[in-house]
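# Chain and residue survey
Spelled out from the first residue to the last, the chains are:
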Amino acid sequence: MAVAETQLYAKVSNKHRSKSTSALLESLLAKGFPAHVAQKALVATGQNTVENAVKWLHSHCNDPSLDDPIPQEYALYLCPTGRLLHRLQEFWKESKRQCGKNRAHEVFPHVTLCDFFTCEDQKVELLYDTLKRVGDSFSQCFPPSISLTLHASPSYLGFFIDDIHANVLKDFALAFSSEASALADCHVKPCLKQFHLTLAHKFYPHHQKTLEQLAKCINPGEPCQWVAALYSRDMRFVHYQRLRALFQYKPQNIDELMINAGDFIYVDPTRQCDVSEGWVVGTSHRTGCRGFLPENYTEKAHESDTWVKHREYVFVTASRSSTQTERESNVKLNGEPHNPSMSRSGTNVLSTQNTPLRRAVLVMRHGERVDQVFGKSWLQQCLTADGKYSRADLNLPSALPKRKDSVKQFEYDPPLSCCGIFQSRLIGEALLDQEVLVSYVYSSPALRCVQTAQHVLQGLKLIQKVKIRVEPGLFEWTKWEASKVIPNFMTVAELAEASYNVDTSYRGNFPLSSLVPSESYEDYLSRSSAVMKQIITACPSRGKGVILIVAHGSSLASFTWPLMGLPSRDSSDFAQMVRKIPSLGMCFCEELKEQNKWQMANPPVKTLTHGANAAFNWRNTIVED
């Protein structure tokens, strides 16, 4: 596009909309909405259109905080667009794939000009005026290109802006903060430290080399049009986690939350301790309502996914040109929640080519267990007067395997539910469809784990070819055992007699007698690391294929962390993480033998998600007394 056309486009982009914010407010007042509520709706939607504000108001009709005078927080960022943004998004995606998520992934690529500050709803329009006025005053002196220099440390990777250009940005940030503070009566603090564009932050030190190699693929001199953008966020949820709903959920109880696919949910991690397993309590970004929802209906979202873009000022210089089409494809419209995950899904030029079959480890949590559905007293519901087992629900097993000691031992070593059996077989069939070669299978001595391994093998059609090695060292953290004692597991001989495909010749690395009740967190991690090392040693490195380990929710972290050389978390964070792992949750690690290390990768099959199905009594529901 010609320079004259580029400058003309910038003038159009930087003009106010033909319909002013006050006119939007008047339209809402004419519809009967109270002034403070109308202003809140306009701010929450970026003061975009009346239609968006009305839609927000209808969605928030049951929001208990609708009348609360809580202002939004605002920040001014300098954001790249064009080809440089595309390269940065490629880095974001590939660094996450190879090294896992770090703090930089929470927000889109940007340079902070003014960090978050509060502004009353009725004064937000003054921020827009300030951005326009200050932008115009700096448009002639804004550098045609910004010099970026890569900087790396054990916990930070990013581009530093050279001093000459940084001084211009500091002057711009100072001018905006000074004028905004005076006009909008708010405290705006400019960023006056080293200006930088973060690529990675708070990552594991051993990932530094990989991240640096990926960063060197970015040419900081790529064509780029810089945009000063004003964003807002809800100050009530700054320290909350954000989840994105994958599916619609319709409440079955009054305290549950209605969610639609794509909804964002705010979750306070400190308020989840008393919530039932598999559930979280959160607040809907779309409706403002709070309630319980099934955690497996969601995935983690980024911090900036719930932010709203209000206005932007496009800096265009005579020596810089870019097409309008390119800009529109990289910048969200004002007023839309910024969703960087959508723009990060493009083609990834940094990806490595398909690698040959490697040795791998698939760590899997067991399927649904009966006490997870029917509670700790499930066995009492099924025992007749003479002590025989008779299932009380179709999701309970039709029979229990024979064991020499009392049938009541199943209270402490519960079996899978029928749905758990179906889940396990379904996972096995999915692994078969993906042509996953399972060479070895290890299982915790817990009956639910042995049964899961058995039915996964049936789905894989390997029940006659691969035997299950029962390894006591794979049992979960014993501190979590409600009985405070180690359960009396079925012996290998009893399992074999019950037709489970166990390897009767295998001798575990950790005998059952070595399991200590209420072991410390450090002892559990030490045991997990040791047993993982011994399993890897026992399965030849020259062999190619998957080592399947069926154990517990805690196993997904405690076995993969030492394998990849990752440090452990503290016990409270560990417990919070484990409670989020559903039945048949999986972690997959591949060996990079040439580099003498292991890396985490996506599991070879998709996740398994389903809803609850409550018990039904036709007499109490259909027939009225």
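All values reported here derive from a predicted model rather than from experimental measurement.

Turning our eyes to something else, we now look at the overall build of the chain. Secondary structure summary: the chain contains 20 helices and 18 strands in total. Buried positions account for 51% of the 625 residues belonging to the chain. For the chain, restricting intrachain contacts to residue pairs at least 6 apart in sequence, the fraction spanning at least 24 positions comes to 77%. With the model as given, the accessible surface of the chain reaches about 30100 Å², and the carbon-plus-sulfur share is 52%.

Summarising the element assignment, Arg233 is placed in strand 6 (residues 226-234). Look at Arg233 and you get buried, because its relative accessible area is 12%. Only 2.9 Å separates the side chain of Arg233 from the side chain of Glu73, close enough to count as a polar contact. Within polar-contact distance, the side chain of Arg233 engages the side chain of Glu303 at 3.5 Å. Residues in contact with Arg233, not counting those within four places in the same chain, are Gln72, Glu73, Phe116, Val238, Glu303 and Trp307.

Glancing now at the packing of aromatic side chains. Under the defined criterion, the tally for this structure stands at 30 aromatic pairs. With centroids separated by 6.4 Å and ring planes inclined at 80 degrees, the aromatic side chains of Tyr77 and Phe116 adopt a geometry described as edge-to-face. On the criterion of sequence distance, the pair formed by Tyr77 in strand 1 (residues 72-80) and Phe116 in strand 2 (residues 111-119) is long-range, its members being 39 residues apart. A relative accessible area of 4% places Tyr77 in the buried class. Note on Phe237 and Tyr240: the rings are 5.2 Å apart at their centroids and 80 degrees apart in plane angle, and the pair reads as edge-to-face.

The tally for this structure, following the rule as stated, stands at 23 salt bridges. The salt bridge involving Arg403 is made with Asp405; its shortest N-O contact spans 2.6 Å. Looking at Arg403, the relative accessible area reads 11%, which means it is buried. Three or more residues are tied together by salt bridges with common partners; here these are Glu73, Arg103, Arg233 and Glu303.

The next thing to look at is the sheet that holds strand 10 (residues 290-294). Spatially, the five strands line up as an open sheet ordered 10-9-8-7-11, and their pairing is antiparallel. With one partner strand each, in any of the chains shown, strand 10 and strand 11 (298-300) form the two edges of the open sheet. On average, adjacent strands in this sheet sit at an angle of 45 degrees to one another, irrespective of strand direction. Taken together, the three bridges between strand 7 (residues 241-245) and strand 11 define a ladder with antiparallel strand orientation. Counterpart to Ala245 in the pairing with strand 11 is Thr298.

For helix 7 (residues 163-184), spanning 22 residues, the distance from its first C-alpha to its last is 30 Å, which sits close to the expected 32 Å at 1.5 Å a residue. Within the span of helix 7, buried status applies to His165, Ala166, Val168, Leu169, Phe172, Ala173, Phe176, Ser177, Ala180 and Ala184. End-on, the buried residues of helix 7 take up no more than an arc of 165 degrees, which puts them together on one face. Among the exposed residues of helix 7, those pointing more than 90 degrees away from its buried face are Asp163, Ile164, Ser178 and Ala182. Contact partners of the buried residues in helix 7: strand 1, strand 2, helix 6 (124-138), strand 4 (156-161) and strand 6. The first or second residue beyond helix 7 is Asp185, which carries a positive phi of 55 degrees.

Quick look at the confidence of the model for the chain now. Caution applies to low-pLDDT regions: their predicted coordinates should not be interpreted in detail. Predicted confidence across the chain gives a mean pLDDT of 86, with 88% of residues reaching 70 or more. Long-range and interchain partners of residues 1-19, a stretch whose pLDDT sits below 50, account for 34 contacts in this model, where long-range means more than four residues apart.

Bringing the environment of Ile463 into the picture now. The residue Ile463 is located in the loop between helix 14 (447-460) and strand 15 (468-470) in this model. Each C-alpha atom of the pair Ile463 and Asn501 lies 6.9 Å from the other, and the pair is 38 residues apart in sequence. When sequence neighbours within four positions are dropped, the list of residues in contact with Ile463 reads Gln454, Leu457, Gln458 and Asn501.

Before going further, it helps to spend a moment on the state of the cysteines. For the structure on display, the rule yields zero disulfides. Looking at Cys289, it has no disulfide partner, and the nearest cysteine sulfur is the one in Cys61, 7.3 Å off. Of all cysteine sulfurs in the structure, the one in Cys418 sits closest to Cys419, which takes part in no disulfide; the separation is 7.3 Å. Take Cys419: its relative accessible area is 39%, and that puts it in the partly exposed class.

Moving on, we get to helix 3 (residues 35-44). Residues spaced three or four apart along an α-helix face the same direction, because each turn holds 3.6 residues. Judged by how many residues are buried, helix 3 sits mostly within the fold: seven of ten residues are covered. Taken together, the buried positions of helix 3 are Val37, Ala38, Gln39, Lys40, Ala41, Leu42 and Val43. Among the residues trailing helix 3, Gly46 stands out with phi positive, at a value near 75 degrees.

The rules we used
- Per chain, the residues get numbers from 1 upward, laid out in the order the sequence is written.
- Per-residue local features of the predicted model are confined to residues with pLDDT of at least 70, and side-chain atom pairs are confined, for both listing and counting, to 80 or more; whole-chain, interface and lining totals are unaffected and use all residues.
- To get the side-chain values, take all heavy atoms of the structure and skip hydrogens and water.
- Under the DSSP-based scheme used, a helix requires at least four consecutive residues in state H or I and a strand at least two consecutive residues in state E, with every element numbered from the N terminus.
- Buried residues are those whose accessible area, probed at 1.4 Å on protein chains only, stays under 20% of the maximum for their type, while exposed residues exceed 50% and partly exposed ones sit between those limits.
- We call two residues in contact when some of their heavy atoms are within 4.5 Å.
- Shrake-Rupley sampling with a 1.4 Å probe provides the accessible areas, and residues are treated as covered by the protein chains on show and by no other component.
- Whenever a nitrogen or oxygen atom comes within 3.5 Å of another N or O atom, the pair is scored as a polar contact, on the condition that within protein one atom can donate a hydrogen and the other can accept it, and that pairs from neighbouring residues in sequence are kept only if both atoms are in side chains.
- Pairing of aromatic rings covers Phe, Tyr and Trp, the last counted by its six-membered ring, and requires centre-to-centre distances within 6.5 Å; plane angles under 30 degrees mean stacked, over 60 mean edge-to-face, and any other angle means tilted.
- Here, a salt bridge means any side-chain nitrogen of Lys or Arg that lies within 4 Å of a carboxyl oxygen of Asp or Glu.
- Strand pairing follows a simple DSSP-based rule, namely that at least 2 bridges must link the two strands.
- Angles here are taken between N-to-C directions and fall from 0 to 180 degrees, while the axes themselves are lines fitted to C-alpha atoms, restricted in helices to the stretch in contact.
- For a helix, the expected span equals 1.5 Å multiplied by the number of residues minus one.
- Relevant arc is that of directions from the helix axis to the C-beta atoms, nothing else.
- pLDDT measures the predictor's confidence residue by residue and takes values from 0 up to 100.
- Here, a disulfide means two cysteine sulfur atoms that sit within 2.5 Å of each other.

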